[in-house]
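# Residue-level structure breakdown
Take a look at the letters that make up each chain.
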Amino acid sequence: MPNAAPIMTPKARDQLQKQERSASVVGFEEAVVDFFVDAADLLGVPKSVAVLYGIVFASPQPLSFADIEARVTLSKGSISQGLRVLREMGAIKEVSAPADRSELFTPDLEMRRLIQRFLEQRLQKQLDAGKSRLGDLQRALPDLEKSHAETLRTRLKQLQSWHEKARALLPIARTFLKLAPG
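Rules of the game
- Residues numbered from 1 in each chain as written.
- Predicted model: local features only at pLDDT ≥ 70, side-chain atom pairs only at ≥ 80, totals over all residues.
- Heavy atoms only, no water.
- Helix = DSSP H or I, 4+ residues; strand = E, 2+ residues; numbered from the N terminus.
- Buried < 20%, exposed > 50% of the residue type's maximum accessible area, 1.4 Å probe, protein only.
- Contact = heavy atoms within 4.5 Å.
- Areas by Shrake-Rupley, 256 points an atom, 1.4 Å probe, with all protein chains shown as cover.
- Core = buried A, V, L, I, M, F, W, Y, C linked by side-chain atoms within 4.5 Å.
- Phe/Tyr/Trp six-rings, centres within 6.5 Å; stacked < 30°, edge-to-face > 60°.
- pLDDT = per-residue confidence, 0-100.
- Expected span 1.5 Å × (residues − 1).

Check the secondary structure of the protein chain and you find seven helices and three strands. Listed N to C, the secondary structure of the protein chain is α-α-α-β-α-α-β-β-α-α in terms of helices and strands. Within the protein chain, buried positions represent 32% of all 182 residues. Summarising the internal contacts of the protein chain: among those between residues at least 6 apart in sequence, 53% fall at separations of at least 24. Entry remark: accessible area of the protein chain is about 11,800 Å², with carbon and sulfur atoms responsible for 58%.

Set out below in structure tokens:
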């Protein structure tokens, strides 16, 4: 289906430059970008970062900064910052071509590393912050009549239980990721 019309999706429509590539290539890029924008929304990752990852992921060849810039409507600063975030997350890797000294980017397809970095960078920080926030909530319990106060204490205990379970699962998830094939 080489002459298929592009998939004009609302999330990608305003994010991608369409010139100098076939309609089917642009359509595929839009669909991939939309996929990652939706996933990023669930994980709290900025849309611009998802757009950049989608463009790199949708390309069969590694892309330079200039290649990426030609494909998206983001500013140079947003592209630079987004690529830095993606490198730090382990979502992309730099590759070099013997004849070209520019940085080229390709997706790192090893899901285990992506999940490990997500666990380390996001979830661990959230759990660490959650412990002190739960203490703050405990101290902030309002003075209410006995039945209402007990209801709020029970709910707070449930939050603390969820937090403890999440903290207990984190080392198990890390161990599983180390054992799972790449």
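Right, picking up where we left off after that structure.
Glancing now at the nonpolar core. By size, the foremost hydrophobic cluster in this structure holds 26 residues, and its most contacted members are Ile68 and Val72. Of all the secondary-structure elements, those providing two or more residues to this core are helix H2 (23-43), helix H3 (47-58) and helix H5 (76-89). Top element by residues in this core is H3. It accounts for eight residues. With residues up to four places along the chain from it excluded, the contact list for valine 72 reads Gln15, Leu16, Gln17, Val51, Leu52, Ile55 and Ile79.

Attention shifts here to the packing of aromatic side chains. Given two aromatic rings, their pairing is described by the distance between the two centres and the angle made by the two planes. Scanning all chains against the criterion turns up four aromatic pairs. The interplanar angle of 85 degrees and the centroid separation of 4.8 Å between the aromatic rings of phenylalanine 36 and tyrosine 53 together place this pair among those described as edge-to-face. With phenylalanine 36 in helix H2 and tyrosine 53 in helix H3, this pair connects stretches of sequence that are 17 residues apart. Relative to phenylalanine 57, the ring of phenylalanine 36 has its centre 5.0 Å away and its plane inclined at 65 degrees; by these criteria the two rings are edge-to-face. Of this pair, phenylalanine 36 sits in helix H2 while phenylalanine 57 sits in helix H3, placing them 21 residues apart in sequence. The structure contains a cluster of three or more aromatic residues connected by ring pairs, namely Phe35, Phe36, Tyr53 and Phe57.

Moving on: the confidence of the model for the protein chain. Looking at the protein chain, pLDDT values average 82 and 86% of them are 70 or higher. Note on residues 1-8: pLDDT is under 50 here. Beyond four places in sequence and across chains, it has 13 contacts.

Here we come to H3. Taking 1.5 Å as the rise per residue, H3 with twelve residues should run 16 Å; its terminal C-alpha atoms sit 16 Å apart, in good agreement. Within H3, nine of the twelve residues are buried, leaving the element largely enclosed by the surrounding structure.

Now for the side chain of glutamate 29. With respect to the helices, strands and loops of the structure, glutamate 29 is situated in helix H2. Glutamate 29 gets classed as buried once you look at its relative accessible area, which sits at 4%. Ignoring any residue separated from it by four or fewer positions in sequence, one finds glutamate 29 in contact with Leu16, Arg21, Ile55, Ala58 and Arg71.

Turning our attention to the environment of valine 51. Along the chain, valine 51 turns up in helix H3. Residue class for valine 51 comes out buried when judged on its relative accessible area of 0%. Remark: the alpha-carbon pair of valine 51 and threonine 73, spanning 22 residues in sequence, is separated by 9.9 Å. Discounting residues that sit within four places of it in the chain, valine 51 has contacts with Gln15, Leu16, Val33, Val37, Val72 and Leu74.

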